[in-house]
Protein chains: 4
Amino acid sequence: MTQSKPDLKVGLIGTGFMGKAHAFGYVNAAQVFDLPVTAVLHRVADIDLAAAEAAARAFGFAHASADWHDIVADPDVGIVSITAPNALHKDMALAAIAAGKHVYCEKPLAPLAADAQDMASAAEKRGVLTQVGFNYLCNPMLRLAREMIAGGELGEIRGYRGLHAEDYMADAAGPFTFRHDPRGGGALADLGSHALATAEFLLGPITAVMGDLVTVISERDDGRGGRRRVEVDDIGRAFLRFGNGASGSVEGNWVATGRKMQHDFEVHGSKGALAFSQERFNELHFYATGDAPGRQGFRRIEAAPAHPPYGRFCVAPGHQIGFNDLKTIEVAGFLDAIATGGAEPFGFRAGLRIQTLVEEIKRSAQDRCWREVPGP
Amino acid sequence: MTQSKPDLKVGLIGTGFMGKAHAFGYVNAAQVFDLPVTAVLHRVADIDLAAAEAAARAFGFAHASADWHDIVADPDVGIVSITAPNALHKDMALAAIAAGKHVYCEKPLAPLAADAQDMASAAEKRGVLTQVGFNYLCNPMLRLAREMIAGGELGEIRGYRGLHAEDYMADAAGPFTFRHDPRGGGALADLGSHALATAEFLLGPITAVMGDLVTVISERDDGRGGRRRVEVDDIGRAFLRFGNGASGSVEGNWVATGRKMQHDFEVHGSKGALAFSQERFNELHFYATGDAPGRQGFRRIEAAPAHPPYGRFCVAPGHQIGFNDLKTIEVAGFLDAIATGGAEPFGFRAGLRIQTLVEEIKRSAQDRCWREVPGP
Amino acid sequence: MTQSKPDLKVGLIGTGFMGKAHAFGYVNAAQVFDLPVTAVLHRVADIDLAAAEAAARAFGFAHASADWHDIVADPDVGIVSITAPNALHKDMALAAIAAGKHVYCEKPLAPLAADAQDMASAAEKRGVLTQVGFNYLCNPMLRLAREMIAGGELGEIRGYRGLHAEDYMADAAGPFTFRHDPRGGGALADLGSHALATAEFLLGPITAVMGDLVTVISERDDGRGGRRRVEVDDIGRAFLRFGNGASGSVEGNWVATGRKMQHDFEVHGSKGALAFSQERFNELHFYATGDAPGRQGFRRIEAAPAHPPYGRFCVAPGHQIGFNDLKTIEVAGFLDAIATGGAEPFGFRAGLRIQTLVEEIKRSAQDRCWREVPGP
Amino acid sequence: MTQSKPDLKVGLIGTGFMGKAHAFGYVNAAQVFDLPVTAVLHRVADIDLAAAEAAARAFGFAHASADWHDIVADPDVGIVSITAPNALHKDMALAAIAAGKHVYCEKPLAPLAADAQDMASAAEKRGVLTQVGFNYLCNPMLRLAREMIAGGELGEIRGYRGLHAEDYMADAAGPFTFRHDPRGGGALADLGSHALATAEFLLGPITAVMGDLVTVISERDDGRGGRRRVEVDDIGRAFLRFGNGASGSVEGNWVATGRKMQHDFEVHGSKGALAFSQERFNELHFYATGDAPGRQGFRRIEAAPAHPPYGRFCVAPGHQIGFNDLKTIEVAGFLDAIATGGAEPFGFRAGLRIQTLVEEIKRSAQDRCWREVPGP
């Protein structure tokens, strides 16, 4: 009997992989964290009613619907999770916002920054909280990195290199998918967006960009016996300038053969440096110029209870959290913000910001010239 | 409404860290796997009733008790999880077995092999299934390693090196704890047991051992203003012979400064080799003599859907599972065995086996001579 | 008595660190390789006669001079090594070429591509052979990488990332040096040039560049009690297009705190990938999509006799060659070309090429636009 | 003209790989170090006169002989290098010692400790200096490790793990060689000896051992159409006790598939730890418990001028020395000791010590019981 905590009834739209991840996230967040609110799996919607009912049973939702409008219309629902196809995000989110629900939407928020702008503004006007799923930022080691930078352990920040490279589009025989759609797709939008989010998470606002977009596999099987021309980037690169005076570069790449999760960064400051790879995301490598002469070197810091919220998952260092635990941290942060009225960890405006950066880089690449980026 | 699946009501004894881990394990196993049974959190017991009630609320148990006998006596309970202090494992398990419950007991099963023997025999006689928590074995990369060895990818197995080293007892100022109790404690029993379990999991039965036990910190603060002599090992080593003809070595060490989770192994065969470290447990390094000349080398295989049950957690390679996911796999395996009547993944007899190996090594170290080990 | 091999008398200009390295290179090349010519240390020149005489004694030169013209005028000298300050390279090289000597000049060949052009043309007209010291290319693992790419083991090459980052200019308290001279200096010219050389060594000609140059430490101690404005780049980046259709990026950075020798690359092809770091330059990491499913991963190939000319240095794999051995390979390659009339490993025209790339990138960064680069 | 330095004329016995390595060592040591003596390549002997003459030409010796006695008898020779087959070491060394020459002998000094004892005693009686080739100890990073341990940076030393594993005997189809000879051969003597030398180099005297020797490949091709039984160990292990109170283990293994140079160690102290692998021998990994909380981790110290004598080879950190440079350091240390009358870096008595340890371990393995080892 959780009488002391208010209930927050969850409506989930979509029952695919990300729908499942959201459902688990709510359950796990309650288990792992001592949250001031109790998320209750209330209603799940899928255009295929049988799928919705199966998901209700499997995940523990009380109700199932074939129409997502049921969720928005349900007065009991306090928070709406949107894991439907990207093209539907905007309509769903605006309806939920209009109904006064908090909204948790998978990335990308919307194909175009202009849409994301509408969504963020609507939420702010209505006074509901929002969240976009940028889960790599939830890693305790990234939080540590940010604190070390903010706390001056690296001194003045000078240079940055960021990456997000995978190889899941490297096979030229793979078919044309919605990710290849010119409206919002491409490696920069899909993966580079993560690298951009990490860059600003660590160093603060990017102020100028120069992009370079390349299509490597120029056409793909259209699934109907023909070929379809690919107009999005397979590799997106950018030079960056930051408001803190640093410069850097970033790459999003989905044809990086052999790489499964190369979400890496290296940051150099006047007093120290950090190196990180998502391939080993329970580690952060730290170099301090202040170490004794002849004893300097990148030290491999292993995730430990000293790096919150790692201790919520494991009581001892070195045991390691997994990818799904990042999702749990993400959900917990949002629920906590809702319950306490605190700041959203990564709201629609933050999602809009990433969308904006992606679009500025794309435009810059198209125009082949640098672009100033307005502040977030 | 999971009408198609039978319920299995869970009774949990103990509400500490491992109690929490078991509760999560049942919930997560249901989420992640499509199990043929539905585990229902039914009753939790703790000698402190308030703690039991708090745990019931936090984890979602229907009932709370101050007396663990209530769980054993509850006819609805089908499975009992024991996470109480080691000294109580035997009584609790025997009572649960007598009541016809399946039993899931944390490691070590009992301080002495003779006790573990009683427990294993009782369960077999009563026809209930049992499980001991050796979760490192649940790693998909260990399962892969075992399959590669069994499938002949490494050829004839020749040599083995195993380790489990941490540093959580390295501070000489740390107090005397129950782990320093001569009856069942020490680094070999606590950590070396994991290394032994992995060794047999991969190579099959150990047939002879020669042990070496060392106490590094000879006395500790007794918590009452005095000092207490430490009689258990801080480092336990052993030479090994395996039934498959290979030889090897193993070390358990809890004063290994700097190491948090050095559960490592290396195995050399006539056609290949494997190297593994729990510090990066989503990787397995594989060397194949059959690779082309000049192109040979240890290759870093990253955990992927090709390595079941990784795909249950992440749909893409390289995302990584965490320590708690190993627990989820452990629970799922046990529930599946119960529901399907399949083989227990790591039952009491397997736990007894590890206990036996530990005791044989201790005796060998004491007698300073090799000992033959009877088959499991 | 090396009667069967012709002598090649060496004249060395400069007795500093690189002078010493050249002298050793000649001696070591003769020891390690079975060269068709015998390099004889004949005459060494340094503006400081005492230094020249000390070097003659220490390194084993027969004669010492205070004037480098003595070397050029000496009819016995067949090859001239130039390790004097960069500003003097051109005059010395042109004089040596005019006298019909083969010339081995340290990098950078000359501050400006135009000068390098004059030098390369003069040598070609006179029919003498030349060499510039790009020793990282002499690594057997780079040669292996090139052969694997050329041989199609990676399939169609798609993406490239190259780096050369160090931190030896990261201390803002460090003085203004000749490397900060606007005429030819900067991180791109000094370190990025190596990354560019490696990029073309592996993938062939670069056809277009877009540069980004940043000065991080804007002024430095002028050594005379004042401050001097730094006009060269501390970080130089570029986007690249290659003639083979691939795209890529490159970075030269001398303020990369913590990095001592981050001459790294990663190259992705349709059938495989390579990853390399000069920090561990006896290793090459190779990913093959053709490996068995579930067994794929970057494999760490260790330098071995299978990778010529490693076997000249060590008869067994894994022993590792050192930085100075790269210099030995460099010298041996040049001597072999002279003796056999073969192709120069990295002649003045190749050095000019790198200079040209550096200048194109600088111009591109200045103009903030892409530049086409004429073929080499 | 090195008039200020005395000459030391070298006589070399043997012209194979190690003979070449010695010849290079003398030349390189003079180049790299500012030694107080000039080693002059004077006379080389090989039972095959043509080989001796070819070596004289190739390496630069003034004289060649078919009989090694010529070297011992040559009054000009001051130092004798012995690289002939092991079985001849003793006679050659005793003759050279009797003639008053300093002696540099390849490892193993002699098949039996008793022989090594005779050699060491003879040298001491005659007052000549001696050297055995344990070149891994010459690594600046091992010297650093030793200084850190001796200087108390790791606190009280508690545990040690040492290895030397390779796979050059892993192919069961490989023939029987002199290394398989029961008199002195085997993996423990051949490779384990290096691990033992490193163990004592770092921690000081071993006081007790318990060995475990295993023959994996029981017979091999005898080269004459038959099979020959292998009586030496393919894997040799030992538990160790050290005079400083620490315990440890060591392994020598020449059937460790995939390993080319796994000369590794890990040492744990009360205040810190070190981890090292010869596979990356320009790095030493150091963990300090005194690092700030949440910032602890093994730090990768890269070889640098701060770690003498690295700076003799490279003026900047991270460039890396190679295996042959270790040989150069070894030779330089010996020449310096001869010239200055300083302590031999690793004389015959030190070689005897290793031989003694190997024999004690072998005996212990045979008797299956621990053995006390007398001090060195």
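In case you missed it, the structure is sitting above this.
Before going further, it helps to spend a moment on the relation of the copies chain C and chain A. Between the two copies, chain C and chain A, the superposition gives an RMSD of 0.0 Å; the rotation angle is 180° and the shift along the axis is 0.0 Å. Accordingly, the operation relating the two chain copies is best matched by a two-fold axis. When each C-alpha of chain C is compared by its distance to the rotation axis, C:Cys369 comes out closest, at 3.0 Å. Both copies contact each other with a shared surface, as 100% of the interface residues of chain C are interface residues in chain A too.

Here we come to the packing of aromatic side chains. Applying the stated criterion across every chain yields a total of 50 aromatic pairs over all chains. Arranged with centres 6.0 Å apart and planes meeting at 85°, the rings of C:Phe24 and C:Phe59 form a pair that is edge-to-face. Taken together, the residues span a long stretch of sequence, with C:Phe24 in helix α1 (residues 17-32) and C:Phe59 in helix α2 (residues 49-59) at a distance of 35 residues. Across the pair, exposure class does not vary: C:Phe24 and C:Phe59 are buried alike. Considering the side-chain rings of D:Tyr287 and D:Phe298, the 5.4 Å spacing of their centres and the 50° angle between planes classify their relative orientation as tilted.

A few words now on the pairing of strand β8 (residues 206-214) of chain D. Residue and element names in this part refer to chain D. Among the nine residues in β8, seven count as buried, and that is most of the element. Taken together, the eight bridges between β8 and strand β11 (residues 235-242) define a ladder with antiparallel strand orientation. Bridge pairing in β11 places Ala 208 opposite Arg 241. Sheet topology places β8 next to strand β17 (residues 371-372); two bridges connect them, and they run antiparallel. Each residue of the ladder has a partner; that of Ala 208, found in β17, is Glu 372.

Before going further, it helps to examine the relation of the copies chain D and chain A. Placing chain D over chain A gives an RMSD of 0.0 Å and needs a rotation angle of 180°, together with 0.0 Å of translation along the axis. In this assembly, 100% of the residues forming the interface of chain D have copies in chain A that are likewise at the interface, indicating an isologous arrangement.

Before going further, it helps to examine the side chain of C:Gln320. Tracing the backbone through its elements, the reader meets C:Gln320 in the loop between α8 (310-313) and α9 (323-340). For C:Gln320, the side chain forms a polar contact with the main-chain oxygen of D:Gln278, separated by 2.8 Å. When near neighbours in sequence (up to four residues on either side) are disregarded, C:Gln320 contacts C:Asn282, C:Tyr310, C:Cys314, D:Gln278, D:Glu279, D:Arg280, D:Phe281, D:Gly322 and D:Phe323.

As a measure of interface size, the accessible area lost when the parts come together is often cited. Contact residues are listed per partner, giving 16 residues for chain D and 16 residues for chain A. Of the roughly 1,200 Å² buried between chain D and chain A on both sides combined, carbon and sulfur atoms contribute 45%. Applying the counting rule to chain D against chain A returns four salt bridges. The salt bridge involving A:Arg295 is made with D:Glu153; its shortest N-O contact spans 2.7 Å. Every element with two or more residues in the side of chain D that touches chain A is listed here: α6 (140-150) and β16 (298-302) of chain D. Here the side of chain D that touches chain A takes five residues from β16(D), the largest share from any one element. Counted by class, the side of chain D that touches chain A contains six nonpolar, four polar and six charged residues. Here strand β16 (residues 298-302) of chain A runs beside β16(D); their pairing, made up of three bridges, is antiparallel. For A:Arg300, the partnering residue across the bridge sits in β16(D) and is D:Phe298.

With that settled, consider the interface of chain C and chain A. If you look at the interface, chain C gives 44 residues, while chain A gives 44 residues. Summed over the three residues of chain C that lose the most area to chain A, namely C:Arg158, C:Phe239 and C:Thr257, the buried surface amounts to 22% of that side. Along the contact surface separating chain C from chain A lie six salt bridges. Residue A:Arg161 is joined to C:Glu251 by a salt bridge in which the shortest nitrogen-to-oxygen separation is 3.1 Å. Counting the contacts that link chain C with chain A gives 18 residue pairs in polar contact (both at pLDDT 80 or more). Taken together, the elements giving at least two residues each to the side of chain C that touches chain A come down to β7 (157-165), β8 (206-214), β11 (235-242), β12 (247-253), β13 (264-269) and β14 (272-277) of chain C. Considering each element in turn, the side of chain C that touches chain A owes the most residues, six residues, to β7(C). A breakdown of the residues in the side of chain C that touches chain A according to their chemical character gives 20 nonpolar, 13 polar and eleven charged.

All right, on to the packing of helix α7 (residues 187-203) of chain D against helix α10 (residues 348-367) of chain D then. Residues and elements named next belong to chain D. Two numbers describe how α7 lies on α10: the axes approach to 9 Å, and their chain directions differ by 115°. The handedness of the crossing between α7 and α10 is right-handed. Contacts between α7 and α10 involve Leu 188, Ala 189, Ser 193, Leu 196, Ala 197 and Glu 200 from the first element and Arg 353, Ile 354, Leu 357, Val 358, Ile 361 and Lys 362 from the second.

Put plainly, a disulfide is one covalent bond tying together the sulfur atoms of two cysteines. This structure, assessed with the given rule, holds zero disulfides over all chains. Residue A:Cys369 stays outside any disulfide, its sulfur separated by 9.7 Å from that of C:Cys369, the closest cysteine. Owing to a relative accessible area of 29%, A:Cys369 belongs among the partly exposed residues under this scheme.

Taken as a whole and assessed by the stated rule, the structure comprises 128 salt bridges over all chains. Across the pair B:Asp190 and B:Arg179 runs a salt bridge whose closest N-O atoms are separated by 3.0 Å. Residue B:Asp190 is found in helix α7 (residues 187-203), and its partner B:Arg179 is found in the loop between β7 (157-165) and α7; the two are separated by eleven residues along the sequence. Linked through salt bridges whose partners overlap, the residues forming this network are A:Asp212, A:Arg237, A:Glu251, A:Arg259, A:Glu279, A:Arg280, B:Glu283, B:Arg300, B:Glu302, C:Arg161, C:Arg241 and C:Glu266.

Each value, and the rule that gives it
Residues numbered from 1 in each chain as written. Chains lettered and ligands numbered in written order. Predicted model: local features only at pLDDT ≥ 70, side-chain atom pairs only at ≥ 80, totals over all residues. Heavy atoms only, no water. Least-squares fit on C-alpha atoms with pLDDT ≥ 70 in both. Contact = heavy atoms within 4.5 Å. Phe/Tyr/Trp six-rings, centres within 6.5 Å; stacked < 30°, edge-to-face > 60°. Helix = DSSP H or I, 4+ residues; strand = E, 2+ residues; numbered from the N terminus. Buried < 20%, exposed > 50% of the residue type's maximum accessible area, 1.4 Å probe, protein only. Pairing = 2+ DSSP bridges. Polar contact = N/O pair within 3.5 Å; in protein donor to acceptor, adjacent residues only side chain to side chain. Buried area = accessible area lost by both parts, 1.4 Å probe. Salt bridge = Lys/Arg side-chain N within 4 Å of Asp/Glu carboxyl O. Nonpolar A, V, L, I, M, F, W, Y, C, P; charged D, E, K, R; others polar. Axes fitted to C-alpha atoms, helices over the stretch in contact; angles between N-to-C directions. Left-handed = near helix turned anticlockwise from the far one by under 90°. Disulfide = S-S within 2.5 Å.

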